[in-house]
Amino acid sequence: MEARIPKKTLADGLSILERIIPSRSSNPILTYLPITLGQGSLILRGTNGEVDLEVRLSAETNGEGQVLIPAQPFFQIVRSTPGELIELIFAEQMQLISGSYRTQLQTTNPDGYPELSFRKPAGEKLPAARLAQAMTRVRYAASTEEYRAIFRGVQLELSPGNLRAVASDGYRLARYDLPVSSDSTRKLVVPARSADEIIRIFKDVQGDVSVEVGEGTLTLVGDAVRMAVKLMEGEFPDYARVIPQSFVLEATLQADALRESLKRVAVLSDRNNHRVDLIFSGDKLEINSEGDYGRGREEIAVEAKGEPQLVVAYNAQYLIDALGPIEGGVKLSLSGPTSPSLVQAVEDSGYLSVVVPLRV
């Protein structure tokens, strides 16, 4: 079996798999890369037990079959080859030739490699980059605490004409609604780390990705990539009840101005709870912090209506994270000094975030 493939094509394909294939594993065979030669294609696969990936690359091939090679050395060799073209010759060993460089890698029988859990798509399609965008908007709010169980994932909710992504860690919530051409109704929770891989792989993909859910697995199929993700059991509790509906003050300002001001003032905030005080007074917002090394203060202009004065304390990082996905204007809707606050994008009605103030 032989294959000839441009170095860039092969390197780009391997970069998709590189974060999935572990360098060490209790099951050593997972550290290997299965390579399948087909007619005019080189198919690369990998799994870490939670995410299965397959990448199909165009190549000149002679013969058909499959081998396993040690993944990490192969990644490094391909990146460092001097030529623009790579030739692979498969026998008892795999020989790689590129320009003046020639090397050999041991191959292993692929029979012991686990079968990957791709499901055949049933026909439902979503725009790949928009799916990744929806998950990107909310990913920051997913919990990192082991005991938080279901909140360590991103919930996707499909309903006719809409895709919703939701994440929460109990102190904040992020929600993003995306209009899509969908007829189905379902909920599923993707582990946050697997959501990171979906975002990484599909964020720049043009066109649609086919979707299939079943037996605890989400399968996404693009033109050159197949991906299967193990889902979490269960679904989020009713998060709608924590989204405030009435407000005592609403203020509008530029998201980047508020975000940068918070970063500056928070440098001197308390190191335990990163507290910053937002003091609303007419058309001015004063941001204060105080910690072991001193005090920080900054004032910015806002358009406000409601209570003439209000003081609310937040974990600065929670507010900064909530502002992260917003470009342009941001609307802060406050329901009181200790009640949840709403952060919304003025120019993107699909995004909202709920941040719970500190109790002081």
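Asks: Describe the pattern of salt bridges, naming the residues involved and giving the relevant values.
Replies: Per the counting criterion, the structure on display carries 26 salt bridges. Here Lys187 makes a salt bridge to Glu235, at a shortest N to O gap of 3.6 Å. Placement of the pair is Lys187 in strand E14 (residues 186–191) and Glu235 in the loop between strand E17 (225–230) and strand E18 (249–254), with a sequence separation of 48 residues. For Lys187, a relative accessible area of 47% gives the class partly exposed. You can call Glu235 partly exposed: its relative accessible area is 47%.

Asks: Could you give an account of the nonpolar core, naming the residues involved and the relevant values?
Replies: If you look at the biggest cluster of nonpolar residues, it comprises 97 residues, and the most contacted ones within it are Leu10, Leu33, Ile35, Leu42, Phe74 and Val190. Beyond its immediate stretch of four places on either side in the chain, Val190 contacts Met135, Gly153, Val154, Leu156, Ala195, Ile198, Leu218, Val229, Leu231 and Met232. Counting residues in hydrophobic clusters, the runner-up holds 11 residues, among them Leu173, Val189, Ile243 and Leu342.

Asks: Before we move on, could you go through the sheet that holds strand E2 (residues 32–38) and cite the residues and values that matter?
Replies: The eight strands lie next to each other as E6-E2-E3-E4-E17-E16-E15-E10, forming an open sheet whose pairing is antiparallel. Both edges of this open sheet fall to strand E6 (65–70) and strand E10 (124–127), since each of them pairs with a single strand only. Neighbouring strand axes in the sheet, compared pairwise and without regard to direction, differ in orientation by 20° on average. Relative to strand E3 (residues 41–47), E2 runs antiparallel, the two sharing four bridges. Counterpart to Leu37 in the pairing with E3 is Leu42.

Asks: Requested: an account of unusual backbone geometry, with residues and values cited.
Replies: For Glu215, which is not glycine, the phi dihedral falls at a positive 55°. On the secondary structure map, Glu215 appears in the loop between strand E15 (208–214) and strand E16 (217–221). Within the chain, His274 stands out as a residue other than glycine whose phi angle is a positive 50°. Structurally, His274 is set in the loop between helix H5 (255–266) and strand E19 (275–281).

Asks: Quick one: what's the story with the environment of Gly222, residue by residue and with numbers?
Replies: Take Gly222: it is sitting in the loop between E16 and E17. Residue classification places Gly222 among the buried positions, given a relative accessible area of 16%. Residues Gly222 and Ile43, 179 residues apart in the sequence, show an inter-C-alpha distance of 14 Å.

Asks: Account for the packing of aromatic side chains, naming residues and giving values.
Replies: Given two aromatic rings, one states the distance between the centres and the angle between the planes to describe the pair. All told, the structure shown has two aromatic pairs when counted by the stated rule. One Lys or Arg, Arg137, reaches over the ring of Tyr176 and ends 5.6 Å from the middle of that ring.

Asks: Lay out the side chain of Gln155 with the relevant residues and their values.
Replies: Following the sequence through the fold, Gln155 ends up in strand E11 (residues 153–159). What makes Gln155 buried here is its relative accessible area of 1%. For Gln155, the side chain forms a polar contact with the main-chain nitrogen of Phe236, separated by 2.8 Å. Dropping the residues within four chain positions of it, Gln155 is found in contact with Arg164, Ala165, Val166, Lys187, Leu188, Val189, Glu235, Phe236 and Tyr239.

Asks: Let's hear about helix H6 (residues 316–323): which residues, and what values?
Replies: Judged by how many residues are buried, H6 sits mostly within the fold: six of eight residues are covered. The set of residues buried in H6 consists of Ala316, Tyr318, Leu319, Ile320, Ala322 and Leu323. By the N-cap criterion, in which a side-chain oxygen at the helix start approaches the backbone nitrogen of a residue two or three places on, H6 is capped by Asn315, the distance to Gln317 being 2.9 Å.

Asks: Tell me about the environment of Asp283, and name the residues and values.
Replies: Examined against the element boundaries, Asp283 turns out to sit in the loop between E19 and strand E20 (284–291). As a C-alpha pair, Asp283 and Gln309 span 26 residues in sequence and 10.0 Å in three-dimensional space. When residues no more than four places from it in sequence are discounted, the contact partners of Asp283 are Ile300, Ala301 and Val302.

Asks: How would you summarise the packing of H5 against H6 if you had to cite specific residues and measurements?
Replies: Axis separation between H5 and H6 bottoms out at 10 Å; the angle between their running directions is 155°. It follows from the interaxial angle that H5 and H6 lie roughly antiparallel. Where H5 crosses over H6, the handedness of that crossing is left-handed. Along its contact with H5, which presents Ala255, Leu258, Arg259, Leu262, Lys263 and Ala266, the element H6 presents Ala316, Leu319, Ile320 and Leu323. Of the residues in the contact of H5 with H6, the class split is eight nonpolar, no polar and two charged.

Asks: Please give an account of the sheet that holds E18 that cites residues and values.
Replies: Taken in spatial order, the nine strands make up an open sheet running E14-E11-E12-E13-E26-E25-E24-E18-E22, and their pairing is antiparallel. The open sheet terminates on both sides in strands that have one partner only, identified here as E14 and strand E22 (303–306). For this sheet the average axis-to-axis angle between neighbouring strands, irrespective of direction, equals 15°. Pairing analysis gives five bridges linking E11 to strand E12 (residues 162–168), with the strands arranged antiparallel. Across the sheet, residue Glu157 finds its bridge partner in E12, namely Arg164. Packing of helix H4 (residues 192–202) onto the sheet brings it into contact with E11 and E14, and relative to E14 it is tilted by some 95°. With respect to the sheet, H6 is in contact with strand E13 (172–179), strand E24 (329–334), strand E25 (341–345) and strand E26 (351–355), its orientation differing from that of E26 by roughly 175°.

Asks: Can you lay out the pairing of E18 for me, pointing to particular residues and giving the numbers?
Replies: When E18 meets E22, the two strands line up antiparallel, connected through four bridges. For Leu249, the partnering residue across the bridge sits in E22 and is Gly306. Of the strand pairs in this sheet, E18 and E24 are connected by six bridges, and their pairing is antiparallel. Across the sheet, residue Glu250 finds its bridge partner in E24, namely Ser333.

Conventions and cut-offs
- Residues numbered from 1 in each chain as written.
- Predicted model: local features only at pLDDT ≥ 70, side-chain atom pairs only at ≥ 80, totals over all residues.
- Heavy atoms only, no water.
- Salt bridge = Lys/Arg side-chain N within 4 Å of Asp/Glu carboxyl O.
- Helix = DSSP H or I, 4+ residues; strand = E, 2+ residues; numbered from the N terminus.
- Buried < 20%, exposed > 50% of the residue type's maximum accessible area, 1.4 Å probe, protein only.
- Core = buried A, V, L, I, M, F, W, Y, C linked by side-chain atoms within 4.5 Å.
- Contact = heavy atoms within 4.5 Å.
- Pairing = 2+ DSSP bridges.
- Axes fitted to C-alpha atoms, helices over the stretch in contact; angles between N-to-C directions.
- Phe/Tyr/Trp six-rings, centres within 6.5 Å; stacked < 30°, edge-to-face > 60°.
- Lys NZ or Arg CZ within 6 Å of the ring centre and 35° of its normal.
- Polar contact = N/O pair within 3.5 Å; in protein donor to acceptor, adjacent residues only side chain to side chain.
- Parallel < 35°, antiparallel > 145°, perpendicular 65-115°, else oblique.
- Left-handed = near helix turned anticlockwise from the far one by under 90°.
- Nonpolar A, V, L, I, M, F, W, Y, C, P; charged D, E, K, R; others polar.

Without other data, these values stay purely geometric and don't point to any function.
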